[in-house]
There are 2 protein chains.
Amino acid sequence: MKDEGCYSSSLLPYSSFCQSDKESSMDIQKLMHDMGEKARKASRLLSGAAPAQKNDALDIVARQLRGSVDRLMVENQKDLAAGEKAGLTSAMLDRLKLTENRIEEMALAVNEVAALPDPVGEVTGIWTRPSGFKVGRMRAPIGVIGIIYESRPNVTIDAAALCLKSGNACILRGGSEAIHSNNALARVFCDSVVEAGLPAEVVQAVPLTDRAAVHALLKLDDYVDLIIPRGGKGLIRMIMENSTIPVIKHLDGVCHTYVDSGAKVEMALDICVNAKLNRPGTCNAMETMLVHQDMTGSFLQKALERFREEEVEIRGCLKTKEAAPWVKEATDEDWPMEYLDRILNVKVVADMDEAMGHIARYGSAHTDVIVTMNHANAQRFIREVDSAAVMVNASSRLHDGFVFGLGAEIGISTDKLHARGPMGLVELTTEKWIVFGEGHLRE
Amino acid sequence: MKDEGCYSSSLLPYSSFCQSDKESSMDIQKLMHDMGEKARKASRLLSGAAPAQKNDALDIVARQLRGSVDRLMVENQKDLAAGEKAGLTSAMLDRLKLTENRIEEMALAVNEVAALPDPVGEVTGIWTRPSGFKVGRMRAPIGVIGIIYESRPNVTIDAAALCLKSGNACILRGGSEAIHSNNALARVFCDSVVEAGLPAEVVQAVPLTDRAAVHALLKLDDYVDLIIPRGGKGLIRMIMENSTIPVIKHLDGVCHTYVDSGAKVEMALDICVNAKLNRPGTCNAMETMLVHQDMTGSFLQKALERFREEEVEIRGCLKTKEAAPWVKEATDEDWPMEYLDRILNVKVVADMDEAMGHIARYGSAHTDVIVTMNHANAQRFIREVDSAAVMVNASSRLHDGFVFGLGAEIGISTDKLHARGPMGLVELTTEKWIVFGEGHLRE
């Protein structure tokens, strides 16, 4: 589960949602409505469940996963066969594939979620008002969460485990190419939950591949409190445009590293290479390097050489080309690109203001980094750059729920509301106000 | 500004948004697009402004409001004349009216906002990870906020002041019946802001009454980060269905008070009378009283007599009718009603479970209260009732940003995400992650 959650471009086209089957639109709406109603009912029971009962359920899930390897692989085989027939690339097929090892990883992740502290019921602050009543805030589950995702079947288990632990019922809608695997995984989860004495409907997988099911889900605002999409931009745009339920998006990461005047050259090199190459396909990988003009001689030359050795294609501004004529000239279309590949934009800037202006214009407000020895610049960059994570002297690849110490994450939010950056268990709860009076009235 | 923000039913019909004028749809889209672009630019400058500069601007706003009484009343007179001609009731006209006293109240509210602590830049927690880098969270403005409201012109000033203080640019779209008053108030605000050296575009009032302007605003997701609607259900539903921008709703309050077995009769009476009658037209007023069956003799009789004296219409269950034959029988349509009037539903329940079940089924998750001397019941009610505010032995009327000590509020959110209950300055910010490393990399 670690890191994988961060892929922001889907391996599968949006059209995997467009497949149609024989269900009529009315039937689908009724089915989704029923799922919503059941989820709402189950969420009420789950919200009052003791931490120990939820943890028991998760431990049973982990055990049952380990005991269901053969059955899961049979179902997975159906998806793989269909995928091969449909012409999925070998990379896509690999991501779809379940192995004993991958199932063990899923089970371990569930055990880890069970071991995390339970956020529900935590009082985050309480104070006494002049008239003597106490007012404070208590964490409560959000309620019912709809998760719409593409590809990788492990999301089914990860998302269900995080929702259960945080007291939320969930409705899961995976990609059609993984339908058999997802349904089988959800069945293992539900059976385990029932064994622990909780209602099966705390986790429901949409059994249809019809796109109308997604549309119906997005209108269930009477039952569903939050939609979390995980997938390509086409999917997320469609969800934004059609949902009457609040959506927390996990979109693109166009991440910048700005190497300031006077930065330590070795540190800057290490950070930029790690940010670009540690895992180029993730949303927190660097896509554009901004270099202060003072650093062209000392740092830029070395960095370009290093990236050339690593076979990274450089698209640079004119000044970058001056430093290395082999560099390809960047166009206006390049600056906002999320390559997720061994391609890097490089721009020489006059000062930090120009760097911050570039980030504001072309960035995606995901992760932006300054490498500097200047305290005032570090403080100003931290304060003024408006991104989910702003870093000083660190690799953008550190932007991750596990690395930050949240213990788990359901994704990295690129939204500004409710949750920004990694969404862990706490971000899957809401805070309600609590008041303790002794007959206090409003004047 | 106090309390008024809490009215959840609009005095004006949704049709006040349907008025059309001569602008073509294309022109309106362009105008709104330009406003969005300007707001985004202004928000970047505002986010870096020092607290003192923002406070100066607010103090100038207050001074200029006091100095513009005559001009504001001339503009307001235009709205009043048009309203009279359009047949607005005297209550509607009264809410629309600006007086010297009301303008002074607005100015005072702005001074109060200036005096509140600045939430921007506050670090809400920072910790060190095993590898030695520090990770924490810092409050930042949300960015650009669109506020769509009906009637009362003071919202123009209140909302603009709260947005400015929290570092957010805003686009204000008031009701067409108050267009002259709102534009004049916004002009005073902008002139003051410029006098303090900030860009005028931090506050922009939509100068059109055409409904197409609202629709265009709801699609500006490239520029606007949040929509806050304040008005009737028709308006809010329309916004939910059309917005591609996150919306934080301020909807209805169907608030319950449950009088438990063994509650102190005098305390329960005081709380219920206050909750119903302190201000019946507000969203935190009690709409349904739930009474444990043990309390019919002691409490219910007295309460019903008291409400009868106060000319409150009672709609009760059969057991309530047994206690007082003059009570009207409640129908299934009555239980979810937000009357905002001297009408009260009353139901006798077998126990707290039935009370919590009723609240989950018919409530609006706004404010729900238990009156009890039983510690275990108080704790369970607080934990399991899923409302924005859950109270023990207190009047639901206490649910208010000022009463809770937030210093100001832009409304009471009935959403679960980001902000639940009163939205003050802190709720108008977001938390970004900040990381301080010394060359830290991802392994």
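Residues numbered from 1 in each chain as written. Chains lettered and ligands numbered in written order. Predicted model: local features only at pLDDT ≥ 70, side-chain atom pairs only at ≥ 80, totals over all residues.

## Description of the overall build of chain A
In terms of helices and strands, chain A carries 15 helices and 16 strands. Here chain A has a C-alpha radius of gyration of 24 Å; the compact-globule value for 443 residues is 22 Å, and the two agree. Expressed as lengths along the three principal axes of its C-alpha atoms, the size of chain A is roughly 70 × 65 × 40 Å. By the burial criterion, 57% of the 443 residues in chain A qualify as buried. Taking all contacts inside chain A whose residues are at least 6 apart in sequence as the whole, residues at least 24 apart take part in 74%. (Helix = DSSP H or I, 4+ residues; strand = E, 2+ residues; numbered from the N terminus. Rg over C-alpha atoms; globule rule 2.2 N^0.38 Å. Buried ≥ 20, exposed ≤ 12 C-beta atoms within 10 Å, placed from the backbone. Contact = placed C-beta atoms within 7 Å.)

## What about the nonpolar core?
Counting 159 residues, the largest nonpolar core has Val-110 of chain A together with Val-110 of chain B as its most contacted members. Residues in contact with Val-110 of chain A, not counting those within four places in the same chain, are Leu-58, Val-61, Ala-62, Ile-157 and Ala-161 of chain A. (Core = buried A, V, L, I, M, F, W, Y, C linked by C-beta atoms within 7 Å.)

## Examining the sheet that holds strand 4 (residues 169-173) of chain B
All names here are of chain B. Here we have four strands laid out as an open sheet, ordered 5-4-3-6, and parallel in their pairing. Either end of the sheet is taken by a strand with one partner, and the two such strands are strand 5 (203-205) and strand 6 (226-230). With strand direction ignored, the average angle separating the axes of adjacent strands in the sheet is 15°. Bridging between strand 3 (residues 144-149) and strand 4 involves five bridges; their strand directions are parallel. The partner of Val-144 across the bridge, within strand 4, is Ala-169. (Pairing = 2+ DSSP bridges. Axes fitted to C-alpha atoms, helices over the stretch in contact; angles between N-to-C directions.)

## Re the relation of the copies chain B and chain A
Superposition record for chain B on chain A: RMSD 0.0 Å, screw rotation 180°, translation along axis 0.0 Å. Viewed as a symmetry operation, the transformation between the two copies matches a two-fold axis. For chain B, the smallest separation between a C-alpha atom and the rotation axis is recorded for His-418 of chain B, amounting to 1.8 Å. (Least-squares fit on C-alpha atoms with pLDDT ≥ 70 in both.)

## Brief notes about the packing of helix 3 (residues 69-85) of chain B against helix 7 (residues 179-195) of chain B
Residue and element names in this part refer to chain B. Running from N to C, helix 3 and helix 7 cross one another at 155°; their axes reach a closest spacing of 7 Å. In this view, helix 3 runs roughly antiparallel relative to helix 7, as classed from their interaxial angle. Between helix 3 and helix 7, the residues in contact are Arg-71, Leu-72, Glu-75, Asn-76, Lys-78 and Asp-79 and Ile-179, His-180, Ser-181, Ala-184 and Leu-185, respectively. Partitioning the contact of helix 3 with helix 7 into residue classes produces four nonpolar, three polar and four charged. (Parallel < 35°, antiparallel > 145°, perpendicular 65-115°, else oblique. Nonpolar A, V, L, I, M, F, W, Y, C, P; charged D, E, K, R; others polar.)

## Considering the domain arrangement of chain A
A common way to express how large an interface is: the accessible area buried when the components associate. Segmenting chain A into domains produces domain 1 (4-242) and domain 2 (255-403). The straight-line distance from the C-alpha centre of domain 1 of chain A to that of domain 2 of chain A is 36 Å. (Domains from an automatic or database assignment.)

## Re the interface of chain B and chain A
Counting residues at the interface gives 60 residues for chain B and 60 residues for chain A. Elements with a contribution of two residues or more to the side of chain B that touches chain A: helix 1 (25-47), strand 2 (134-141), helix 9 (233-242), helix 10 (265-277), helix 14 (375-384), strand 13 (389-394), helix 15 (401-404) and strand 16 (429-440) of chain B. The greatest single-element share of the side of chain B that touches chain A, amounting to eleven residues, is contributed by strand 16 of chain B. Alignment of strand 13 (residues 389-394) of chain A against strand 16 of chain B, held across five bridges, turns out to be parallel. Bridge assignment links Val-390 of chain A to a residue of strand 16 of chain B, and that residue is Ile-434 of chain B.

## Describing helix 11 (residues 296-309) of chain B
All names here are of chain B. Look at helix 11: 18 Å from first C-alpha to last across 14 residues, which is about the 20 Å you get at 1.5 Å a residue. Phe-299, Leu-300, Ala-303, Leu-304 and Phe-307 are the residues of helix 11 that are buried. Projected down its long axis, helix 11 shows its buried positions confined to an angular sector of 120°, all on one face. Turned more than 90 degrees from where helix 11 packs its buried face, Gly-297, Glu-305 and Glu-309 sit exposed. (Expected span 1.5 Å × (residues − 1). Arc of directions from axis to C-beta.)

## Examining the pairing of strand 8 (residues 286-292) of chain A
All names here are of chain A. Burial analysis of strand 8 places seven of its seven residues in the buried class, which makes it a mostly covered element. Direction of pairing for strand 7 (residues 255-259) relative to strand 8: parallel, over a ladder of five bridges. Each bridged residue has a counterpart across the sheet, and for Val-259 the counterpart in strand 8 is Val-291. Examined bridge by bridge, strand 8 and strand 11 (residues 343-349) share five bridges and lie parallel to one another. Bridging from a neighbouring strand, His-292 pairs with Val-349 of strand 11.

## Overview of the confidence of the model for chain A
Residue and element names in this part refer to chain A. For chain A, per-residue confidence averages 92 on the pLDDT scale, and residues scoring 70 or more make up 95% of the total. Counted against residues more than four places away or in other chains, residues 1-21, with its pLDDT under 50, gives 60 contacts. Here the predicted complex carries an ipTM of 0.89, next to a pTM of 0.89. (pLDDT = per-residue confidence, 0-100.)

## Section: the sheet that holds strand 1 (residues 123-128) of chain A
If you walk across this open sheet you meet the ten strands as 1(A)-2(A)-16(A)-13(B)-12(B)-7(B)-8(B)-11(B)-9(B)-10(B), and the pairing is mixed. Among the strands making up the open sheet, the edge pair consists of strand 1 of chain A together with strand 10 (328-329) of chain B. Alignment of strand 7 (residues 255-259) of chain B against strand 12 (residues 367-371) of chain B, held across four bridges, turns out to be parallel. In the strand pairing of strand 12 of chain B, Val-259 of chain B is matched with Val-371 of chain B.

## A look at the environment of Ala-213 of chain A
Residue and element names in this part refer to chain A. Of note, Ala-213 is situated in helix 8 (residues 211-217). For the pair Ala-213 and Ser-131, spaced 82 residues apart in sequence, the C-alpha separation works out to 52 Å. Residues within four places of Ala-213 in sequence aside, it is in contact with Ile-28, Met-32, Arg-173, Val-206 and Leu-208.

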